[in-house]
Amino acid sequence: MFCSRMSAWLVGVSLLLRGVLTMQDGCAQGELSSQCEDAESVLLQRPRNYDVAQDEEREMLDIIRSSFAGVDGGGSYLEENRHVDESWRKCGMVDWSVGRELAKASAAAMKNRKDLGLDDFCTEGTENEWDDTCHALRGVVLAMKRLAHRFPQGPKFHNAFVVDYGKYNSWRDGSVGEVNWTARPPAAAVLDASGILGYATCSIIRTVMTQSPRQYGAGVCSYMAPLAVIMEKAPAKALEMAVRLLWTGKLTPQLPAPCDYVYDRQPGLVPFKDNGSWTPAAAADVYSSETVGCTGNAVDCSKAGGAPPQPVGLAYMWEAAAISIAEVAHGASCQGRRINALTYPGLSSDQLERNTKDQTGTAGSMLYFCNELIDPRGKSCRIHFNFQACGGMPIPLCQEFIGAFVPVQYMDKFTEFWNPISEEDVYKMLNVTPGHMSGDDLEKALQSLEPGHLAGWEEVWQDMPSGSRQTAEQILASMGRSVGGWPMLAGLASFVIPPLSNVDSAATMPSATPENLQAACRARVALLYIDSTPLLGLTMAPKFGIPYAGEKPFYGLTRGLDAETKEQFKDLLGGLPFLSHMLNPRGTCNHAVYLSRCDEANDQYYMWSWGSLYNVTKAMLLGTPAEGHAAANTGMICAAITADRLTWADSDLEVL
């Protein structure tokens, strides 16, 4: 079954080994050919007022654009080629230590042509030869060669591809120094950043071809879901974006760069245990008694067993850049605490908790990157959720609260401000009583807030860079603009209203309506904020002999049953991991997925997560009304984020 607009997409080995790849690394080795002359001419034409950072980025972008000049559409792929692929293991089967790395990348593609579906695609003389993805795959290698020749210092994100997980490590001899396994986390000096280009080419191509960017044990699902969208709907553009991110360090030319410290991290040297043995084996003596932490939710951690604690390669570049860029774009500083640090064995519980908090996405982060990466031209992204799940908050304020992105640094300060204030004093500040925490009473109370209620507010910001407080107040004012009075105070109060009301809100409580699901299915692109436990429960049920295939909601299984039957279910499910959750009245949202497609007629809804597609039912998604809250249900969805189209910030290309 073919996907996307064209009939096929994977590059044929015969073409990969002709043309571009038969250049045999000429550009990188200094043997100029006509393919490289334009890159050389750019060097000779630099103006006197050359700004290294800006002009080098422009040159890189020009080389990348010209290398991908034949890519006029999103490209296509075969559904049967989709599988969970561990590119760090597959590309680690190639000895990159000697020889011409980019030629070896093509050889690696040949070696693995069967599982990459290369035998029948883009073959010379067939209708698929000119598929945009075929052009893009040639463009990857061409761009790498030309960039390596023009910029011998190597790519910006080279450390993401310093990997020692496979049979061989990822670098050419002499390009990376000895690994210091006693460092926390382990580290190695990169002496020649171009020494990882062969491995990087292999890793990028495999990840996109197999549609399997994975988050592993990191809680970065809300940042990975947009990447899955682009890979499926426009694999050709995903390849181009990956090369651009590797070399320039930016997700798009229009977005700011991430903090510099992001480029220094080497996730592919962090040890992990696989079947009781340490990978890499060289770390075994140093880490013999350490345990590997996990920053994802419980299901993420279960899915990541025997694998790295965080992504490497393309997936790491993407999530690390996204998390940092979102912070910077919303006014946070690169000074002070370095967010989203690497997770490694022996990490303190406090740092593990900080990493978890840094990585945790929200519907707001999903909305932001939908507009910046999925539809940057039209910015058509919208959030759909059940307004009755606002936890007593006025609906306009609730909409702003759900859709807002707040940097981690600022959230730390909001918490620092609210924590010392007792619940009784918060009620006094809001000028309400516990019985009036909703509706018109609460809205009037929010309108009556005055700056005098902010005693201690300025003090919590004293250790932050200049201007941080003012930027945070602008975000809060935008959130509270619908209330009137002092919008900034209303925005700040929105963080304590649901807890005071003693109810969950749309931010965490499955409560989506049939209309919300219909909007997601009708959209060109849809991301869902969900409870992930039913996805794993659905796949685990057959392993334990539980006859569950999604015909009923996952939660609230025993509701309405007599006491004896309830006890029977408790005996059956009580000791089973994740399946025991079926006894709970409802779930909690903790995961972001890409809704790949809806087959409503056959009650099949396909979600992308953890590098795979999961097929669920409408009963699982929407459930039935749950006890304890007027809006809650036994389903999976808290919110949907939709886009009308898929566009690119730097071109007129649009994938409908």
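Residues numbered from 1 in each chain as written. Predicted model: local features only at pLDDT ≥ 70, side-chain atom pairs only at ≥ 80, totals over all residues. Heavy atoms only, no water.

1. Remarks on the overall build of the protein chain
Here's step 1: The helix and strand tally for the protein chain stands at 25 helices and twelve strands.
Here's step 2: The buried share of the protein chain, taken over its 656 residues, is 58%.
Here's step 3: A sequence separation of at least 24 residues applies to 79% of the contacts in the protein chain between residues at least 6 apart.
Here's step 4: When the accessible area of the protein chain is evaluated, it comes to approximately 25600 Å², of which 49% is carbon and sulfur surface. (Helix = DSSP H or I, 4+ residues; strand = E, 2+ residues; numbered from the N terminus. Buried < 20%, exposed > 50% of the residue type's maximum accessible area, 1.4 Å probe, protein only. Contact = heavy atoms within 4.5 Å. Areas by Shrake-Rupley, 256 points an atom, 1.4 Å probe, with all protein chains shown as cover.)

2. Quick look at helix H9 (residues 221-233)
Here's step 1: With 13 residues, H9 extends 18 Å between its outermost C-alpha atoms, agreeing within 8% with the 18 Å of an ideal straight helix rising 1.5 Å per residue.
Here's step 2: Most of H9 sits out of view: twelve of its 13 residues are buried.
Here's step 3: Taken as a whole, H9 has its buried residues at Cys-221, Ser-222, Tyr-223, Met-224, Ala-225, Pro-226, Leu-227, Ala-228, Val-229, Ile-230, Met-231 and Glu-232. (Expected span 1.5 Å × (residues − 1).)

3. A word on the pairing of strand S12 (residues 651-655)
Here's step 1: Burial along S12 is one-sided: the residues Ser-651, Leu-653 and Val-655 are buried and none of Asp-652 and Glu-654 is.
Here's step 2: In the sheet, strand S11 (residues 646-648) pairs with S12 via three bridges, with the strands oriented antiparallel. Residue pairing for S12: Trp-648 is matched across the bridge by Ser-651.
Here's step 3: Turn length for the S11-S12 hairpin, with the two strands adjacent in sequence and antiparallel, is two residues. (Pairing = 2+ DSSP bridges.)

4. Considering the sheet that holds strand S8 (residues 604-609)
Here's step 1: Read across the sheet, six strands follow the order S5-S10-S6-S7-S8-S9 without closing on themselves; strand pairing throughout is antiparallel. Edge positions in the open sheet fall to strand S5 (382-384) and strand S9 (612-616), since each of these has one partner strand only. The mean angle between the axes of side-by-side strands here comes to 30 degrees, regardless of whether they run parallel or antiparallel.
Here's step 2: Pairing geometry for S8 and S9, over five bridges, is antiparallel. (Axes fitted to C-alpha atoms, helices over the stretch in contact; angles between N-to-C directions.)

5. Looking at the pattern of salt bridges
Here's step 1: Within this structure, the stated rule accounts for 25 salt bridges.
Here's step 2: We note a salt bridge from Lys-428 to Glu-424, for which the minimum N-O separation is 3.8 Å. You can see Lys-428 and its partner Glu-424 sitting in helix H17 (residues 423-430), four residues apart, about one turn around the helix. In this structure, Lys-428 and Glu-424 share a single accessibility class: exposed.
Here's step 3: Of the charged contacts in the structure, one is a salt bridge between Glu-567 and Lys-570, with a shortest N-O distance of 3.8 Å. Of the two residues, Glu-567 and Lys-570 are both situated in helix H24 (residues 563-573); the distance of three residues between them amounts to about one turn of the helix.
Here's step 4: Owing to a relative accessible area of 41%, Glu-567 belongs among the partly exposed residues under this scheme.
Here's step 5: Three or more residues are tied together by salt bridges with common partners; here these are Glu-86, Arg-89, Arg-214 and Asp-274. (Salt bridge = Lys/Arg side-chain N within 4 Å of Asp/Glu carboxyl O.)

6. Brief notes about the packing of helix H7 (residues 132-150) against helix H10 (residues 235-248)
Here's step 1: Two elements in contact, H7 and H10, have axes whose closest approach is 8 Å; the angle formed by their N-to-C orientations is 15 degrees. Relative to H10, the element H7 lies roughly parallel. For H7 against H10, the interelement crossing comes out right-handed. Residues Asp-132, Thr-133, Ala-136, Leu-137, Val-140, Ala-143, Met-144, Leu-147 and Ala-148 of H7 pack against Pro-235, Ala-236, Leu-239, Val-243, Leu-246 and Trp-247 of H10.
Here's step 2: Of the residues assigned to the contact of H7 with H10, the class counts are 13 nonpolar, one polar and one charged. (Parallel < 35°, antiparallel > 145°, perpendicular 65-115°, else oblique. Left-handed = near helix turned anticlockwise from the far one by under 90°. Nonpolar A, V, L, I, M, F, W, Y, C, P; charged D, E, K, R; others polar.)

7. Some words on the packing of aromatic side chains
Here's step 1: Inspection of the entire model under this criterion finds 20 aromatic pairs.
Here's step 2: Pairing Tyr-368 with Phe-369 gives two aromatic rings, centres 4.9 Å apart and planes at 70 degrees, and the pair type is edge-to-face. You'll find Tyr-368 and Phe-369 in the same group, each marked buried.
Here's step 3: Ring centres of Tyr-410 and Trp-461 lie 5.6 Å apart, and the angle between their planes is 65 degrees; this geometry places the pair in the edge-to-face category. (Phe/Tyr/Trp six-rings, centres within 6.5 Å; stacked < 30°, edge-to-face > 60°.)

8. Re the packing of H9 against helix H12 (residues 313-329)
Here's step 1: Following both chains from N to C, one finds H9 and H12 inclined at 125 degrees, their axes separated by 9 Å at the closest point. What the angle tells us is that H9 and H12 run oblique. Seen from above, H9 lies across H12 with right-handed handedness. Residue-level inspection shows Tyr-223, Met-224, Leu-227, Ile-230 and Met-231 of H9 in contact with H12, the latter providing Leu-314, Ala-315, Trp-318, Glu-319, Ala-322 and Ile-323.
Here's step 2: Here the residues of the contact of H9 with H12 sort into ten nonpolar, no polar and one charged.

9. Topic: the state of the cysteines
Here's step 1: In this structure the tally under the stated criterion is seven disulfides.
Here's step 2: Cys-91 shares a disulfide with Cys-202; S-S distance 2.1 Å. Residues Cys-91 and Cys-202 are joined through a disulfide that is left-handed, its torsion about the S-S bond being -90 degrees. With a gap of 111 residues between them, Cys-91 in the loop between helix H5 (87-90) and helix H6 (101-111) and Cys-202 in helix H8 (residues 197-209) connect regions that are remote in the sequence. With respect to class, Cys-91 is no different from Cys-202; both count as buried. (Disulfide = S-S within 2.5 Å.)

10. Thoughts on unusual backbone geometry
The phi angle of most residues is negative, glycine excepted, and most peptide bonds adopt the trans form.
Here's step 1: Note that the residue after Arg-184, namely Pro-185, is joined by a cis bond; omega there is 0 degrees.
Here's step 2: Within the element layout of this structure, Pro-185 appears in the loop between H7 and H8.
Here's step 3: Cis peptide bonds are those with omega within 30 degrees of zero, and the linkage from Thr-279 to Pro-280 qualifies with -5 degrees.
Here's step 4: Mapped onto the elements of the fold, Pro-280 is located in the loop between strand S4 (277-279) and helix H11 (298-303).
Here's step 5: A positive phi is found at Asn-275, a non-glycine position, where the angle reads about 55 degrees.
Here's step 6: Within the secondary structure, Asn-275 sits in the loop between strand S3 (272-274) and S4.
Here's step 7: Judged by relative accessible area, which is 77%, Asn-275 ranks as exposed.

11. As for the environment of Met-393
Here's step 1: Mapped onto the elements, Met-393 comes out in the loop between S5 and helix H15 (395-403).
Here's step 2: Residue classification places Met-393 among the buried positions, given a relative accessible area of 5%.
Here's step 3: The sequence separation of Met-393 and Asp-440 amounts to 47 residues, and the corresponding C-alpha distance is 9.7 Å.

12. Comments concerning helix H22 (residues 514-522)
Here's step 1: By the burial criterion, the buried members of H22 are Asn-516, Leu-517, Ala-520 and Cys-521. Down the axis, H22 shows its buried residues gathered within 135 degrees of arc, on one side only. Exposed side of H22, more than 90 degrees from the buried face: Glu-515 and Arg-522 are the residues found there.
Here's step 2: Looking at the buried side of H22, the elements it contacts are S5, strand S6 (525-530), strand S7 (591-599), S8, helix H25 (618-622) and strand S10 (637-643). (Arc of directions from axis to C-beta.)

13. Details of the nonpolar core
It is characteristic of soluble globular proteins that their nonpolar side chains tend to be buried jointly.
Here's step 1: Within the largest apolar cluster, 154 residues are counted, with the highest numbers of intra-cluster contacts made by Leu-246, Trp-247, Leu-251 and Phe-414.
Here's step 2: Per element, the largest residue contribution to this core is eleven residues, and it comes from H12.
Here's step 3: Dropping the residues within four chain positions of it, Trp-247 is found in contact with Met-60, Met-144, Leu-147, Ala-148, Phe-151, Gly-154, Pro-155, Lys-156 and Leu-197.
Here's step 4: Counting 36 residues, the second largest nonpolar core, distinct from the first, contains Ala-512, Ala-520, Trp-610 and Tyr-614. (Core = buried A, V, L, I, M, F, W, Y, C linked by side-chain atoms within 4.5 Å.)

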